[in-house]
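Summary of the model geometry
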2 protein chains.
Amino acid sequence: MDRNLYCVIMAGGVGARFWPKSRRSKPKQFLDIFDTGKSFIRLTYERFAGRISPDRFLVATNEAYKHLVNEHLPEVDDRNILCEPVGRNTAPCICYAAYSLFKKDPDAAMIVTPSDHMILDEKSFGEIIDEALDFIDNHNVLMTVGITPSRPETGYGYIQKSDSQVISRVKCFTEKPDLELAEVFVQSGEFFWNSGIFIWKVRDIVAAIERWLPDHHALFSSIIDDLGTPSEQQAVGRVFAQCRAVSIDYGVMEKADNVYVRCGDFGWSDVGTWGSLFQLLPKDENNNAKPESGCFTYDTEDSIISLPRDKVAVINGLHDYIVVDTEDVLMICPRNEEQSIRKYIDEVRYHLGDKHN
Amino acid sequence: MDRNLYCVIMAGGVGARFWPKSRRSKPKQFLDIFDTGKSFIRLTYERFAGRISPDRFLVATNEAYKHLVNEHLPEVDDRNILCEPVGRNTAPCICYAAYSLFKKDPDAAMIVTPSDHMILDEKSFGEIIDEALDFIDNHNVLMTVGITPSRPETGYGYIQKSDSQVISRVKCFTEKPDLELAEVFVQSGEFFWNSGIFIWKVRDIVAAIERWLPDHHALFSSIIDDLGTPSEQQAVGRVFAQCRAVSIDYGVMEKADNVYVRCGDFGWSDVGTWGSLFQLLPKDENNNAKPESGCFTYDTEDSIISLPRDKVAVINGLHDYIVVDTEDVLMICPRNEEQSIRKYIDEVRYHLGDKHN
């Protein structure tokens, strides 16, 4: 806790893939999808709260979710909730946080984390974070955290290490490879999943943005006097309106030559789809992931069933299905068709308006 | 309207086969399952209201449903709602109504009708009722109404005519034949479905009960002084506690030799199961019976889908299913397994108590 260490939680996602449980009005990071009593964003906060005091958390989110951040993280002061007027991918979000911090404390170290991932082995994860923090104390580098891949996942980004050091320079980033390539990646032992967690000194990321995203640097530098003042929101609105949408991976990490990765295996998942949630949940004797009580299944296997609290379900004859019931929407869909969820949302919106998105 | 004509609506059923839409607390006769704005019992009442004034309706039901009768048939005075303390099948129910009427008006004619059947061709039905009423004016007989069978249904009772007269003496009643026998019945042209609708003079049914159900006659005769007085409910409680459960078909109609039937074809269904409802409902181009709006189906056919008002459903990959969603229970079941619904109710009750029955 000696460092000027801050944690930036990125919580602007709209998480359509968990529809109908996630909605535009309550995206995935605010859901308690494992029924633990804590939402993803709450678990994310608590993951770092042992080493970072509440006043050193920044939460970047959409204006529309500010009240949800208040509700889930009451410890975080309103001044530390950075409201993006529109989503512009991760680079503008990180710019907003980095330039705010740079103004406040140019010597700050900064952890950036998604708000909607799962980490089961918090202890191993904590050790990796500590190592990464030690490393940036002594090196002007941009650190990422990689995950030992357990399968040739085609939905993730991969990071290639350049050597076998525990903390290694990154050779290459590859977004969502095809299956053949993913299999080569996994077999090689050189490729790791990109967790989207970054550790760096704020001056190093600002320098990298200046170099690799000069237009973003120009925009955010122009409002540095406004940050932390009553004119902040208006200035940020202006900047986001002009600002190009780009991910920090594409905009900075893939280009910079001082990017390092610490890889590990700490029970990570981005829990990005009903299918990946199914993999993670405990199953009954017929390999169904379903509520502990109130869900009666017959001749049903390999299915994931999500119900509102206190709802009873009787389900007969489903194999490999996703059944998601909510107060206002019921979805029944084969597991291997979950990529159609986007289409369902569009069709429901087309016929019924935005109410059910 | 010249006759002393009364209509007895039997509305004591608990209708478990439409679970989870029907419940012990709101059985089928009180449901508007076709979404017409009128429940089965309301439609039954209106079917006869053209020829019988409101004060000549008697509604026999369970005490627990009296408030529902009040709600659905506000025209019917509380004095004309006969509350059965426990269900004892149709014979005690009809005894209660017949002895009440006999005391009030021994010259009365009486139509007995179930409260949860569907009749599409009200005009033909009305003509048949009129013919039957004319017939009992001149004959001391017990009339039933038969329906020309459209398929070898194994769930119904059958009535065999003894000749080809329009109004014919009944040769035989057969309850729920097996499929082979049902096929023979339908081919023969002599067998008709038993609608459960009866037309008789009250003195004739009382005479038949005295003859064929002497213990029931003794019990109900013993409380004739109480009927229509403040001591009625207590007396009826005593009688029902002692009274043997038996159907009027088994107890009287199968035994009496003055039973006649008027057969016809008037779009009748007992709508006894989700499957029979499926047959009756309009279908989309994939043969799905589903709500007109808010229900989006993909690769789904031959299925019946029932949703709460305003609920949205997205259903992919179901063939020949019943999907019934209600506020507190969701059921998904292959159409050919609907006989399992009784088992589901029992299992839900065993684990969760009576709340969802």
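What counts and how
- Residues numbered from 1 in each chain as written.
- Chains lettered and ligands numbered in written order.
- Predicted model: local features only at pLDDT ≥ 70, side-chain atom pairs only at ≥ 80, totals over all residues.
- Heavy atoms only, no water.
- Buried < 20%, exposed > 50% of the residue type's maximum accessible area, 1.4 Å probe, protein only.
- Helix = DSSP H or I, 4+ residues; strand = E, 2+ residues; numbered from the N terminus.
- Pairing = 2+ DSSP bridges.
- Contact = heavy atoms within 4.5 Å.
- Buried area = accessible area lost by both parts, 1.4 Å probe.
- Salt bridge = Lys/Arg side-chain N within 4 Å of Asp/Glu carboxyl O.
- Polar contact = N/O pair within 3.5 Å; in protein donor to acceptor, adjacent residues only side chain to side chain.
- Axes fitted to C-alpha atoms, helices over the stretch in contact; angles between N-to-C directions.
- Parallel < 35°, antiparallel > 145°, perpendicular 65-115°, else oblique.
- Left-handed = near helix turned anticlockwise from the far one by under 90°.

Here we take up the pairing of strand 10 (residues 259–264) of chain B. Residue and element names in this part refer to chain B. For strand 10, the buried fraction is high: six of the six residues fall into the buried class. Residue alternation in strand 10 divides its side chains into two sets, Val259, Val261 and Cys263 and Tyr260, Arg262 and Gly264, and both sets are buried. Across six bridges, the pairing between strand 6 (residues 142–147) and strand 10 is parallel. Opposite Leu142, over in strand 10, you have Val259 as the bridge partner. Bridging between strand 8 (residues 167–175) and strand 10 involves three bridges; their strand directions are antiparallel. What sits directly across from Ser168, in strand 10, is Val261.

All right, on to the interface of chain B and chain A then. Across the contact, 34 residues belong to chain B and 34 residues belong to chain A. Carbon and sulfur atoms make up 62% of the surface buried where chain B meets chain A, a total of about 2700 Å² over both sides. Seen at the junction of chain B and chain A, the total is two salt bridges. Where chain B touches chain A, the interface holds 22 residue pairs in polar contact (both at pLDDT 80 or more). Listing elements by their share of the side of chain B that touches chain A, those giving two or more residues are strand 12 (295–298), strand 14 (312–316), strand 15 (321–325), strand 16 (329–334) and helix 11 (341–352) of chain B. The pairing of strand 16 (residues 329–334) of chain A with strand 14 of chain B spans four bridges and is classified as parallel. Among the inter-strand pairings, Ile332 of chain A is bridged to a residue of strand 14 of chain B, identified as Ile315 of chain B.

A few words now on the packing of helix 3 (residues 90–104) of chain A against helix 6 (residues 202–212) of chain A. Residue and element names in this part refer to chain A. For the pair helix 3 and helix 6, interaxial distance at closest approach is 9 Å and the crossing angle is 125 degrees. It follows from the interaxial angle that helix 3 and helix 6 lie oblique. Crossing handedness for the pair helix 3 and helix 6: left-handed. Every residue of helix 6 that contacts helix 3 at Ile94, Cys95, Ala98, Tyr99, Leu101 and Phe102 is listed here: Val202, Arg203, Ile205, Val206, Ile209 and Glu210.

Right, let's get into the sheet that holds strand 13 (residues 304–306) of chain B. Strand order in the open sheet formed by five strands is 12(A)-14(A)-16(B)-15(B)-13(B), with mixed pairing between adjacent strands. What marks the edges here is a single partner per strand, and that holds for strand 12 (295–298) of chain A together with strand 13 of chain B. The mean inter-strand angle of the sheet, taken between neighbouring strand axes irrespective of direction, is 5 degrees. Where strand 12 of chain A meets strand 14 (residues 312–316) of chain A, four bridges bridge the pair, whose relative direction is parallel.

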